[in-house]
Amino acid sequence: MADPVTRAEFLRRMGRFTAGFFGTIADLVFGDSLETIARLFPTFLRPPGALPEGEFLETCTRCGTCVSACPHFAIRRVLLPDSFDEGTPFLSPRDAYCHLCHDLPCVTACPSGALRPPPRGQPLRIGTARTDADSCLRSSGDACTACVSACPDRFAALSLTGGSTPPTVDAGRCSGCGACESACPVRPDPAITVHPTASR
């Protein structure tokens, strides 16, 4: 039996395929970048400074140094044998949110460049929080403010506009740290969750 094809290898093969004889047809289906192809697969919330998903998968060596470097144990490794993402780092805010450490130890520890600091002057973005009005306790009259209180940029990235209205997320201010998701009391699935940035 042939060895399983990794996600990164699949993307590389598709890249070669699209450059070949059937490139025009493939471009109609997949677009002209690895990013388009990468979006066809489940995407994990990556650590701070992660390259766009297709490039990240090409660059990440699955070494685990970012996992070890995280002082808050927020970074984990994908444990899905034979999957495209096996061994890559991801964040699970429900279990432990990213503290966006000022010195970014996970980025500093990355030897391959799969994690990189943002350009000078640009804010660090991991993802964007989204609320589910149907499951938010506020929609049923509860005065819960757990997510807003937990947000490092409270009343800017996450704010309240009415008594029975779920929190409003300002995508321009939200870093995607996941503190809100971690704090949400709704179980088992939180009423506010962080999703990867659009470029991934």
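Look a little higher up for the structure.
Quick look at the structure, then. No experiment lies behind these values; they were computed from the predicted model shown. Residue numbers here run from 1 along each chain, matching the order of that chain's written sequence. In keeping with the model being predicted, local features are shown solely for residues with a pLDDT of at least 70 and side-chain atom pairs are shown and tallied solely at 80 or more, while totals for entire chains, interfaces and linings include all residues. Water and hydrogen atoms play no part in the side-chain values, which are based on all heavy atoms of the structure.

Below, the discussion takes up the overall build of the protein chain. Secondary structure elements follow DSSP: runs of H or I no shorter than four residues count as helices, runs of E no shorter than two count as strands, and numbering proceeds from the N terminus. The number of helices and strands found in the protein chain is 8 helices and 6 strands. The order of helices and strands in the protein chain, counted from the N terminus, is α-α-α-α-α-β-β-α-β-α-β-β-α-β. With a 1.4 Å probe rolled over the protein chains alone, any residue whose accessible area is under 20% of its type maximum counts as buried; one over 50% counts as exposed, and the rest are partly exposed. Here the protein chain, with 200 residues, has 42% of them falling under the buried criterion. Contacts are assigned to residue pairs that have any heavy atoms within 4.5 Å of one another. Long-range pairs, those at least 24 residues apart, make up 66% of the contacts in the protein chain with a sequence separation of at least 6. Areas reported as accessible are Shrake-Rupley estimates using a 1.4 Å probe. Residue values count occlusion only from the protein chains shown. Just so you have it, the protein chain exposes about 10700 Å², and 57% of that area is on carbon and sulfur atoms.

What follows covers the nonpolar core. We call a set of buried Ala, Val, Leu, Ile, Met, Phe, Trp, Tyr and Cys residues a nonpolar core when their side-chain atoms join them within 4.5 Å. Core analysis: the biggest nonpolar cluster contains 35 residues, and Phe56, Leu91, Leu115, Leu158 and Ile192 have the highest contact counts within it. When residues of this core are traced back to their parent elements, those giving at least two are α4 (53–59), α6 (105–109), α7 (146–150) and β6 (192–196). What Ile192 contacts, discounting residues up to four positions off in sequence, is Ala129, Arg130, Thr131, Cys147, Leu158, Val169, Cys180, Glu181 and Cys184.

Attention shifts here to the side chain of Asp85. Note on placement: Asp85 falls in the loop between β1 (75–77) and β2 (89–91). Under this definition, polar contacts are N or O atom pairs within 3.5 Å; protein pairs additionally need one hydrogen-donor-capable and one acceptor-capable atom, and for neighbouring residues in sequence, both atoms have to be side-chain atoms. Separated by 2.8 Å, the side chains of Asp85 and Arg46 make a polar contact.

Attention now goes to the pattern of salt bridges. Each salt bridge in this description consists of a side-chain nitrogen of Lys or Arg and a carboxyl oxygen of Asp or Glu lying within 4 Å of one another. Scanning the model with the defined rule gives 4 salt bridges in all. Residues Arg46 and Glu53 are paired through a salt bridge, measuring 2.9 Å at the closest nitrogen-oxygen approach. Overall, Arg46 belongs to the buried group, its relative accessible area being 0%. Put simply, Arg46, Glu53 and Asp85 are held in one network by salt bridges that share partners.

Tracing the backbone shows Thr88 in the loop between β1 and β2. Of the polar contacts made by the side chain of Thr88, one reaches the side chain of Arg46; its length is 2.8 Å. Not counting chain neighbours up to four residues away, the residues in contact with Thr88 comprise Arg46, Phe56, Leu57, Cys60, Arg62, Arg76, Arg77 and Val78.

Now for empty space enclosed by the protein. Regions of empty space are outlined by a rolling probe, equal in size to a water molecule, passed over the atoms. In this analysis, the protein atoms alone were mapped onto a 1 Å grid. Cavities are point sets where a 1.4 Å probe fits without being able to get out; pockets are open sets with protein on both sides within 12 Å along at least five of seven lines; lining residues have an atom within 4 Å of a point. Grid points are joined across faces, edges and corners, and a volume is the space filled by probe spheres set on the points. Considering all chains together, one arrives at 3 cavities of 30 Å³ or more under this definition. As a volume, the largest cavity reaches approximately 120 Å³. As for the largest cavity, its lining consists of 14 residues, and the residues nearest its centre are Cys136, Cys144, Cys147, Cys184 and Ala191.

Below, the discussion takes up the packing of aromatic side chains. Planes of paired rings set the category: under 30 degrees apart is stacked, over 60 is edge-to-face and the rest tilted, where pairs are Phe, Tyr or Trp rings (Trp by its six-membered ring) whose centres lie within 6.5 Å. This model, assessed by the stated rule, comprises 1 aromatic pair. Ring plane angle 55° and centroid distance 5.4 Å describe the contact between Phe44 and Phe90, whose orientation is recorded as tilted. One end of the pair, Phe44, is in the loop between α3 (34–38) and α4; the other, Phe90, is in strand β2, and 46 residues separate them in sequence. Here the two residues Phe44 and Phe90 agree in accessibility, since each one is buried.

Another aspect to go through is unusual backbone geometry. The omega torsion across Arg187 and Pro188 is 0°, close enough to zero to call that bond cis. With respect to the helices and strands, Pro188 occurs in the loop between α8 (179–183) and β6. Located in the positive-phi region is Arg62, a residue other than glycine, with phi close to 65°. If you check the backbone angles, Leu100 has positive phi at about 50° while not being a glycine. Along the polypeptide, Leu100 turns up in the loop between β2 and α6.

A separate point is the state of the cysteines. The rule for a disulfide is simple: a pair of cysteine sulfur atoms within 2.5 Å. Under the definition given, this model contains 0 disulfides. Unpaired in terms of disulfides, Cys66 finds its nearest cysteine sulfur in Cys63, a separation of 6.5 Å. With relative accessibility at 8%, the residue Cys66 sits in the buried group. In this structure Cys144 is not part of a disulfide, and its nearest cysteine sulfur, from Cys147, lies 6.3 Å away.

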